[in-house]
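Geometric and topological summary
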Amino acid sequence: MSELVKKTENILKQRITLAMESAIRNGELPQAEIPEFIIEIPSNKANGDYSSNAAMAGARVFKRAPRAIAQSIVDNLDLTNTLFDRAEIAGPGFINLFLSQKYYSEILKDIFARGNDYGKSDYGQGKRILVEFVSANPTGPMHIGNARGGAIGDCLASVLDWAGYEVNREFYVNDAGNQIEKFATSLEVRYLQHFKNNIEMPEDAYHGADITEHAENFINAFGDRYVDCESAQRRKALVDFALPKNIKGLEEDLARYRIKYDRWFRESSLHNDGSVEKIIHTLKEKGVTYEKDSALWFKASEYGNDKDIVLIRANGLPTYIVPDIAYHYNKLVTRGYDKAIDVLGADHHGYVARMKAALTALDIDASKFDAVIMQMVRLVRDGETIKLSKRSGKAITLNTLIDEVPLDAARFFFNLREPNSHFDFDLELAAKQSSDNPVYYVQYAHARICSILKKARSEGIELRTPDDSELALLTSDEERELIRHLSSLTNEVISAARTYDPAKITHYVIELATLFHKFYNAQRVMVEDEGLMQARLYLCTAVRDTIKNILTMLKITTPESM
């Protein structure tokens, strides 16, 4: 939370504690240890700006009815030199507290004092977090699920950064294993089909147009040189030719999507430097493996997983989980991150339990590994779901999506829902320039304020910092509601970081835009009263700057005219 909000809540807690101590001293309450109680913000503003359950919490120790305790607390509550006006008792004994006008003035001043940093905090205390997201197989273009994962992962990293963590973004390149073998098979078949008849593509291979294009480009470069050579040599040549191009394409597509990674980590490096072998050796050494049916198994069921899992197949090759364990060992031990967060698809629930079991067996605190499970996306146009087929090559890719809808809309829309919720992406709505489109609605609020300030300057009005007496004129319900919302930004960022849910930030900024439009429609800004006009222009500027801070965090543009 912002320093002012934190200070206000701390002072309130101190004053309520002092009030109970005073009531005990003068005999209104019996001698007892001061109970633990909470300070919270009521959902209904009629119940005050803050509320406390101190009286209910004290019922057991003071052996009094909560309302009687609340009355003693309120009678002894000194709000002098605080930002509170008054306290009231409600219901069974809640103590509701109401902020003074000075609080609202101080919030606006705090926004201007913090500038581009308003909304940031030291909540994370500089702990190091690695966010790994997208990590699409480099065997083809990225699909719509990767587009959602990219927006969620990138915005989550930004939220964590704003909440005071030291954050790095990473892409895990699966350039080894089964998918690369399948990639090689697909390329080999398309290559040979150019020169020979009766060669069929396996059903489970990659049938996309990108595979055909790679094969044709390879033929343009090397002709029939690899037709009659050993299959292993041919497959290696094809993969060495096509894979770097795919990885470069992933980097370019994600950069276009405004995602820049701190590191592209290759799975092959874990095989090459012995990390994969080391994991197998360590697990064996710890006595958590056994052999069965010529395969090596991990006793995962002893560490919270629903069943044991194969580490080494009967053919001597490791399963995909082994390099993944080595990768997470690298994150948390070798590189020493305090937390590793993976943004994963909905089919990875079992994966999380397996990984935590392996980390525990390796004596690594499994709570250092967290996963954000992301549900599937449905693309909708004209109310109809667009059918996707990755195998046939007719999937909507990340690139085709951002060719069709504005980039701002794509990033904003994918963060409209909590990651673990299903999401319908309305292509028509995302491209629409109207208040029905939430990102346009927010950007329009920013542009409208820029227009207000520009008009004021064109009329010769010099914008200045209002004094306290002028800020005290901001007393309407719309003004107070707007400032209260502004004051909660830092808290909302912390909440989004704590729950790994960047959708909280998009909801916050939509509500901020709504409250601004409500204020603007109810209260004239350019009034004759110079002091009130300057105060309202100051409020407008605070809203503009806060919207800009949030959209900048989300890597969304802030147009000054629309």
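Now for a quick tour of the structure. Just so it is clear, the structure is predicted and the values come from calculations on it, not from any experiment.

On a plain count of helices and strands, the protein chain comes out with 22 helices and 15 strands. With the principal axes as the frame, the protein chain shows a C-alpha extent of 95 × 65 × 40 Å. With 562 residues in all, the protein chain has 53% of them scored as buried. For the protein chain, the exposed surface amounts to about 25800 Å²; the carbon and sulfur share of it is 46%. Positive and negative charge centroids in the protein chain, built from 70 and 81 side chains respectively, lie 1 Å apart.

Before going further, it helps to examine the pairing of strand 6 (residues 166-173). The element strand 6 is extensively covered by neighbouring structure, given that seven of its eight residues are classed as buried. As judged from the five bridges shared by strand 5 (residues 128-132) and strand 6, these two strands associate in the parallel manner. Following the sheet pairing, Val131 is matched in strand 6 by Arg169. Once the chain exits strand 5 it traverses helix 6 (residues 144-162) before rejoining the sheet at strand 6, and the crossover so formed is right-handed. Where strand 6 lies against strand 7 (residues 263-266), four bridges are found, and the strand directions are parallel. Along strand 7, the bridge assignment pairs Val173 with Arg266.

Let's shift gears to the pattern of salt bridges. Where side chains of opposite charge bring their charged atoms close, a pairing between them can arise. All told, the structure shown has 32 salt bridges when counted by the stated rule. Between Glu132 and Lys331 there is a salt bridge whose closest N-O contact spans 3.1 Å. Taken together, the residues span a long stretch of sequence, with Glu132 in strand 5 and Lys331 in helix 12 (residues 321-334) at a distance of 199 residues. In terms of burial, Glu132 and Lys331 fall into one category: buried. Its salt-bridge partner being Asp240, residue Lys236 comes within 2.7 Å of it at the nearest N-O pair.

Now for the sheet that holds strand 15 (residues 423-426). Read across the open sheet, the three strands follow the order 14-13-15; overall the sheet is mixed. Each edge of the sheet is formed by a strand with only one pairing partner; in this case those strands are strand 14 (384-385) and strand 15. The pairing of strand 13 (residues 377-381) with strand 15 spans four bridges and is parallel. Residue pairing in the sheet places Val380 in a bridge with Asp426 of strand 15.

Relative to the helices and strands, Ser268 is located in helix 10 (residues 267-272). Dropping the residues within four chain positions of it, Ser268 is found in contact with Asp175 and Ala176.

Bringing the packing of helix 7 (residues 178-193) against helix 9 (residues 231-256) into the picture now. Two elements in contact, helix 7 and helix 9, have axes separated by 9 Å at closest approach and are oriented at 105°. Here helix 9 runs roughly perpendicular to helix 7, going by the angle between their axes. Contacts from Ile180, Glu181, Phe183, Ala184, Thr185, Leu187, Glu188, Tyr191 and Leu192 in helix 7 reach Ser231, Arg234, Arg235, Leu238, Val239, Ala242, Leu243 and Asn246 in helix 9. Taken together, the residues of the contact of helix 7 with helix 9 break down into ten nonpolar, three polar and four charged.

Here the focus is the side chain of Glu170. Position of Glu170 among the secondary structure elements: in strand 6. Polar side-chain contacts of Glu170 include one of 2.8 Å to the side chain of Arg335. In this view, Glu170 contacts Leu130, Val131, Glu132, Phe133, Ser135, Tyr261, Arg263, Phe265, Tyr327 and Arg335; residues no more than four positions away in its chain are not counted.

Counting residues in each nonpolar core, the largest one holds 141 residues, and the members touching the most others are Ile16, Leu108, Tyr257, Leu401, Phe414 and Phe425. Residue contributions to this core peak at 13 residues, all from helix 22 (residues 530-553). In terms of nonpolar packing, the next biggest core, distinct from the first, is built from 33 residues, Tyr172, Ile312, Leu332 and Met355 among them.

Moving on to the packing of aromatic side chains. Under the definition given, this model contains 28 aromatic pairs. Look at Phe218 and Phe241: their rings are 5.4 Å apart centre to centre, the planes differ by 80°, and that puts the pair in the edge-to-face class. Here Phe218, found in helix 8 (residues 209-222), pairs with Phe241, found in helix 9; they are 23 residues apart in sequence, far enough to count as distant. A relative accessible area of 0% places Phe218 in the buried class. With 6.1 Å between their ring centres and 80° between their planes, Phe423 and Phe425 make a pair best called edge-to-face. Overall, the relative accessible area of 4% leaves Phe423 in the buried class. Aromatic ring contacts, followed pair by pair, group Tyr191, Phe195, Phe218, Phe222, Tyr226 and Phe241 into a single cluster. In this structure, Lys13 is placed above the aromatic ring of Phe37, and the distance from its NZ or CZ to the ring centre is 5.3 Å. Across from the ring centre of Tyr337, 4.1 Å away, lies the NZ or CZ of Arg128, which sits over that ring.

Right, let's get into the environment of Lys13. Mapping Lys13 onto the fold places it in helix 1 (residues 3-25). Linking Lys13 and Ala54, residues 41 residues apart in sequence, is a C-alpha distance of 9.4 Å.

What follows covers the pairing of strand 3 (residues 84-90). Strand direction decides the pairing type here: strand 3 and strand 4 (residues 94-99), joined by six bridges, are antiparallel. Looking across to strand 4, one finds that Ala87 is bridged to Leu97. Between the antiparallel neighbours strand 3 and strand 4 lie three residues, among them Gly91 with a positive phi of about 55°.

The rules behind the values
Residues numbered from 1 in each chain as written. Predicted model: local features only at pLDDT ≥ 70, side-chain atom pairs only at ≥ 80, totals over all residues. Heavy atoms only, no water. Helix = DSSP H or I, 4+ residues; strand = E, 2+ residues; numbered from the N terminus. Buried < 20%, exposed > 50% of the residue type's maximum accessible area, 1.4 Å probe, protein only. Areas by Shrake-Rupley, 256 points an atom, 1.4 Å probe, with all protein chains shown as cover. Lys, Arg positive; Asp, Glu negative; His and termini not counted. Charge placed at Lys NZ, Arg CZ, Asp CG, Glu CD. Pairing = 2+ DSSP bridges. Right-handed = clockwise from strand over helix to strand, strands pointing away. Salt bridge = Lys/Arg side-chain N within 4 Å of Asp/Glu carboxyl O. Contact = heavy atoms within 4.5 Å. Axes fitted to C-alpha atoms, helices over the stretch in contact; angles between N-to-C directions. Parallel < 35°, antiparallel > 145°, perpendicular 65-115°, else oblique. Nonpolar A, V, L, I, M, F, W, Y, C, P; charged D, E, K, R; others polar. Polar contact = N/O pair within 3.5 Å; in protein donor to acceptor, adjacent residues only side chain to side chain. Core = buried A, V, L, I, M, F, W, Y, C linked by side-chain atoms within 4.5 Å. Phe/Tyr/Trp six-rings, centres within 6.5 Å; stacked < 30°, edge-to-face > 60°. Lys NZ or Arg CZ within 6 Å of the ring centre and 35° of its normal.

From the geometry alone we can't say anything about function, so treat these as descriptive.
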